[in-house]
Amino acid sequence: MKKKNLLLAMILVIAMVFVSACGNDDAKKDSKDNKDSEGKTEQTTIEFWTMQLKPTFTEYIEGVIADFEKENPDIKIDWLDVPAADLDKKILTAVSSNTAPDVVNLNPTFASKLAELDALVNMEEAVSDEDKKKYVKGAWEANRLKDVTFAIPWYLSTEVTLNNTKIYEEAGLDPEKPAKTYEEAKEYSKVIKEKTGKYGYFPSLDLSLVLQHMVVMGAELTNEDGTKAAFNTPEGLKAFEYFTELYQEDLIPKEALSGDQRNTIDMYQAGQVAFFAGSHFISQIKENAPEIYENTKPSEAITGDTGKKTMSVQNIVVPKQTENEEAAVKFALFLTNAENQLAFTKLTPILPSAVEALEDPYFTEAGEDAEPTDLVRITAAGQLDEAELLVPPMENYDELKEAMFDAISEAMLGEATPQEALDKAEKAWNDILAK
Amino acid sequence: MRTNKLTPYLFLLPGCVILGAFIFYPMLQAIWLSFTNYNMVSEPDFIKFDNYENLFQDELFWKTLKNTFIYLIGVVPALVIVPIFLAVLVNQKLKGIGFFRSAYYIPVVTSLVVAGIAWDWVYKENGLLNYVLDLLGIIAEPIPWLTSTDTAIFAVMVVTVWKGLGYYMIIYLAGLQSIPTSLYEAAQIDGANWWQQHTRITIPMLMPFVLIVTIMSSIAAMKVFEEIYIMTGGGPLHSSETLVFYIYKEAFDRLNMGYASAAGVVLFILTLIFSLINLKVMGKDKTA
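Everything numeric in this text was worked out from a predicted model, so none of it was measured.

## Brief notes about the overall build of chain A
Along the backbone of chain A there are 20 helices and 13 strands. Considered along the principal axes of its C-alpha atoms, chain A spans approximately 85 × 55 × 50 Å. Within chain A, buried positions represent 46% of all 435 residues.

Below you can see the structure in the form of structure tokens.
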């Protein structure tokens with residue numbers, strides 16, 4: 001008897017495993033069916049994913065959602081916050097298993113990867129011309145890949161140099177005249193190294209930054225139609241030579257080659273580096289190194305002969321798999337309207353992509369008791385007109401980026417001359433672009 | 001009564017179902033994907049052996065394979081030999097030996113991310129290691145441990161060894177404690193010294209454990225990923241990039257799932273071959 005019972009129990013357990021394994025699909029279908037039938041008559045549920053905004057901005061996002069739901073009682077927003085490091089994988093898995101959310105916050109690099117796969121709604125068609133005009137032009141255009149605009153811009157930032165005035169003074173330099181060009185950055189680094197033994201400039205070569213530096217120095221990355229590399233020019237060579245010289249003359253930390261921004265911020269906070277492009281980190285510096293923060297003076301981004309300045313964009317995308325495109329786009333527009341963006345930018349040093357929000361005095365006037373954080377914001381907003389997305393979304397971007405980083409590393413490590421490295425990068429790019 | 005024969009299989013079934021669903025099914029799927037062009041969004045597209053052909057023509061693949069072998073050769077002997085000494089050390093009946101045992105074991109339970117970042121600081125140009133070496137007058141210029149093509153992979157190996165020592169020590173410790181003390185007593189009566197006792201009793205009796213540790217540490221070395229991801233990102237110039245890191249980059253940065261699966265299959269075959277060689281060589285030693 002006992003054995004029979006046991007057997008029955010076993011069968012039950014196994015049956016449960018199978019049922020629950022297969023059951024998932026059914027459950028999902030059910031909920032989707034519900035969504036459909038409810039969507040027409042009653043309520044639509046929009047799944048909304050953000051990138052690492054909890055817990056700092058929980059209140060803000062929940063407020064925006066509550067306002068939206070009040071205005072649109074037939075739409076319910078389901079908010080999920082995902083850690084930045086997991087978002088890429090999570091969205092990919094969701095798209096591949098046909099369970100993509102309706103509205104997602106992504107950066108342009110990753111969004112363009114999804115756009116390459118034709119997985120995102122084309123905002124050129126989904127958004128009215130009138131609404132399009134409400135966004136900063138450069139920011140709207142930053143999300144174009146071929147003829148598709150794959151995202152709505154949310155918040156922006158421009159690069160602001162942070163200067164440690166104390167090191168400037170120790171080296172006998174005038175903190176009122178921070179380095180504005182690459183050439184000045186190099187000269188200052190020499191003086192600082194000589195007088196204090198510390199590093200002056202710490203250029204980050206992380207992410208797309210090598211490409212950015214090259215564009216600022218006047219190199220074109222590709223030809224017009226993006227089929228061939230176009231950077232093997234005197235300007236491109238200048239960029240390679242510049243960083244090679246800095247590295248080999250020990251004017252920048254060896255960690256520059258690690259391509260990891262963590263090193264940059266660590267050294268600045270430790271007071272071992274005089275200046276770097278680090279406006280995103282200002283809150284972190286305030287928290288971790290209050291003394292350094294006190295001595296921090298923001299200045300406009302370091303630039304080259306072109307005078308170009310970079311802008312980065314955070315996006316809102318709507319995956320094509322959504323069954324509620326209209327409601328999803330509606331929410332995306334609501335989230336990024338001037339009023340909501342202004343409220344958001346007051347919480348953290350970012351810039352709004354809505355033209356109207358940018359006109360607020362918050363971005364134009366520094367008060368008497370302005371802190372470095374306020375100055376960063378005003379400096380950043382002040383150069384927004386001249387700033388643009390320097391490295392446009394490109395197909396196989398990751399490979400292109402790595403090929404360039406490898407080449408410049410080779411030059412910096414002295415394993416190739418800058419010209420040889422540049423030739424190598426050109427060949428690699430041509431191969432990748434021909435794919 | 002006939003049901004009795006079925007019962008053991010029913011007990012095995014849940015395990016098989018779970019293993020099948022989460023290990024074997026994905027494995028087979030990966031083998032299938034290695035013959036396709038798959039980017040996770042559109043349907044996989046069957047391309048026969050193209051992935052493998054491209055793989056074998058990719059210089060970077062060979063470089064990462066070479067790095068994996070360097071890793072294997074560097075890490076495995078250290079992880080097989082050093083823990084024996086540690087185990088002998090902590091196998092003494094001393095007051096507070098429990099403390100030392102846990103001290104050696106702490107790296108094992110430390111999060112690899114935390115350890116990686118801490119070691120990163122140790123290795124920095126202005127980090128602890130350079131500071132100490134400078135203080136002792138060993139070096140004149142700081143050595144860029146993690147950003148030089150000569151040292152990066154070795155610097156990361158040290159972390160893998162540091163992290164693994166305690167784990168294998170515990171395996172050996174279990175082995176040591178299973179050796180009957182009467183053997184040592186008999187040897188002492190025969191006049192064997194400390195060294196003879198260990199080479200004639202401890203090591204031979206530990207052979208089965210050495211085999212396990214060799215296989216486990218080889219597999220671990222071939223699959224090394226986190227240390228590299230955190231400390232060097234495979235750089236500089238791919239000098240510390242191992243096969244698993246390469247697979248990760250192809251799969252998740254570039255979405256070449258089919259291609260990455262092909263590299264994964266190669267890694268699987270290599271690991272299998274290594275384990276078989278280990279079993280053959282070491283297994284023989286034991287019976288000899």
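And the narrative resumes.
## Overview of the overall build of chain B
Regarding its fold elements, chain B presents twelve helices and two strands. Its helices and strands taken in sequence order, chain B reads α-β-β-α-α-α-α-α-α-α-α-α-α-α from the N to the C terminus. By its C-alpha atoms, chain B is 80 × 75 × 35 Å across when sized along the principal axes. For chain B, the residues scored as buried account for 32% of the 288 residues in total. Looking at chain B alone, contacts between residues at least 24 apart form 70% of all its contacts between residues at least 6 apart.

## Some points on the interface of chain B and chain A
Contacts between chain B and chain A engage 27 residues on the former and 28 residues on the latter. Within the residue set of the side of chain B that touches chain A, elements represented by two or more residues are helix H1 (3-33) and helix H11 (243-253) of chain B. Counting residues per element, the side of chain B that touches chain A draws most heavily on H1(B), which supplies seven residues. When its residues are assigned to classes, the side of chain B that touches chain A shows 13 nonpolar, ten polar and four charged.

## Considering unusual backbone geometry
All names here are of chain A. Cis rather than trans, the peptide bond between Lys54 and Pro55 has omega equal to -5 degrees. Residue position: Pro55 is located in the loop between strand S1 (44-51) and helix H2 (58-71). Even without being glycine, Gln52 reaches a positive phi, approximately 50 degrees. Mapped onto the elements, Gln52 comes out in the loop between S1 and H2.

## Remarks on the nonpolar core
Generally speaking, nonpolar side chains in soluble globular proteins are found buried as a group. Core analysis: the biggest nonpolar cluster contains 128 residues, and Leu120(A) and Ile408(A) have the highest contact counts within it. Ranked by size, the runner-up nonpolar core spans 52 residues in total, among them Val161(B), Leu165(B), Ala221(B) and Ala251(B).

## Structural notes on the pairing of strand S11 (residues 309-317) of chain A
In the case of a regular strand, side chains alternate between the two sheet surfaces. All names here are of chain A. Burial within S11 is extensive, with nine of its nine residues counted as buried. Of the two faces of S11, the one holding Lys309, Met311, Val313, Asn315 and Val317 and the one holding Thr310, Ser312, Gln314 and Ile316 are both buried throughout. Bridging between strand S3 (residues 103-106) and S11 involves three bridges; their strand directions are antiparallel. Along S11, the bridge assignment pairs Asn105 with Ile316. Inspection of the sheet shows strand S6 (residues 152-158) paired to S11 by five bridges, in the antiparallel sense.

## A look at the pairing of strand S7 (residues 160-164) of chain A
All names here are of chain A. Counting buried residues along S7, five of its five residues qualify, which places the element largely inside the surrounding structure. Of the two faces of S7, both are covered, the one formed by Val160, Leu162 and Asn164 as well as the one formed by Thr161 and Asn163. Looking at chain direction, S7 and strand S10 (residues 296-300) are connected through five bridges and run antiparallel. Looking across to S10, one finds that Val160 is bridged to Glu300.

## What to know about the sheet that holds S10(A)
All names here are of chain A. Read from one edge of the open sheet, four strands run S8-S9-S7-S10, paired in mixed fashion. Looking at the sheet topology across the chains shown, the edges are occupied by strand S8 (199-201) and S10. Direction aside, neighbouring strands of the sheet carry axes that sit 20 degrees apart on average. Contacts between helix H9 (residues 182-196) and the sheet are confined to S8 and strand S9 (273-277), with S8 contributing the most and set at about 170 degrees to the helix. Each of S7 and S10 is contacted by helix H18 (residues 372-382), which is oriented at about 0 degrees to S10, the strand it contacts most.

## Focus on the environment of Pro26(B)
Checked against the element boundaries, Pro26(B) lands in helix H1. Residue Pro26(B) is classed as exposed on the basis of its C-beta count, with 12 C-beta atoms lying within 10 Å.

## Focus on the confidence of the model for chain B
Overall, the predicted model of chain B reaches an average pLDDT of 89, with 97% of residues at or above 70. Confidence metrics for the complex model read pTM 0.80 and ipTM 0.81.

## Brief notes about the environment of Leu135(B)
All names here are of chain B. Assignment of secondary structure puts Leu135 in helix H6 (residues 128-135). Taking the number of C-beta atoms within 10 Å as the measure of exposure, Leu135 has 9 and is therefore exposed. Separated by 94 residues in the primary sequence, Leu135 and Val41 place their C-alpha atoms 56 Å from one another.

## Overview of the environment of Leu176(B)
All names here are of chain B. Looking at where Leu176 falls in the secondary structure, it is placed in helix H7 (residues 152-177). Each C-alpha atom of the pair Leu176 and Phe245 lies 36 Å from the other, and the pair is 69 residues apart in sequence. In this view, Leu176 contacts Ala87, Val88, Asn91 and Thr202; residues no more than four positions away in its chain are not counted.

## Considerations on helix H20 (residues 418-433) of chain A
Residue and element names in this part refer to chain A. Over its 16 residues, H20 extends 22 Å from the first C-alpha to the last, a length consistent with the 22 Å expected when each residue adds 1.5 Å. Taken together, the buried positions of H20 are Pro418, Ala421, Leu422, Ala425, Glu426 and Trp429. Relative to the axis of H20, the buried residues are bounded by an arc of 140 degrees and lie together on one face. Where H20 is buried, its residues touch helix H11 (234-248) and helix H19 (397-412).

## Describing the confidence of the model for chain A
Residue and element names in this part refer to chain A. For chain A, mean pLDDT is 85; residues scoring 70 or higher make up 90% of the total. When the elements of chain A are averaged for pLDDT, helix H1 (residues 2-41) gives the smallest value, 50, and H20 the largest, 94. Between residues 18-40, whose pLDDT stays under 50, and residues either more than four places distant or in other chains, the model counts eight contacts.

What counts as what
- Residues numbered from 1 in each chain as written.
- Chains lettered and ligands numbered in written order.
- Predicted model: local features only at pLDDT ≥ 70, side-chain atom pairs only at ≥ 80, totals over all residues.
- Helix = DSSP H or I, 4+ residues; strand = E, 2+ residues; numbered from the N terminus.
- Buried ≥ 20, exposed ≤ 12 C-beta atoms within 10 Å, placed from the backbone.
- Contact = placed C-beta atoms within 7 Å.
- Nonpolar A, V, L, I, M, F, W, Y, C, P; charged D, E, K, R; others polar.
- Core = buried A, V, L, I, M, F, W, Y, C linked by C-beta atoms within 7 Å.
- Pairing = 2+ DSSP bridges.
- Axes fitted to C-alpha atoms, helices over the stretch in contact; angles between N-to-C directions.
- pLDDT = per-residue confidence, 0-100.
- Expected span 1.5 Å × (residues − 1).
- Arc of directions from axis to C-beta.

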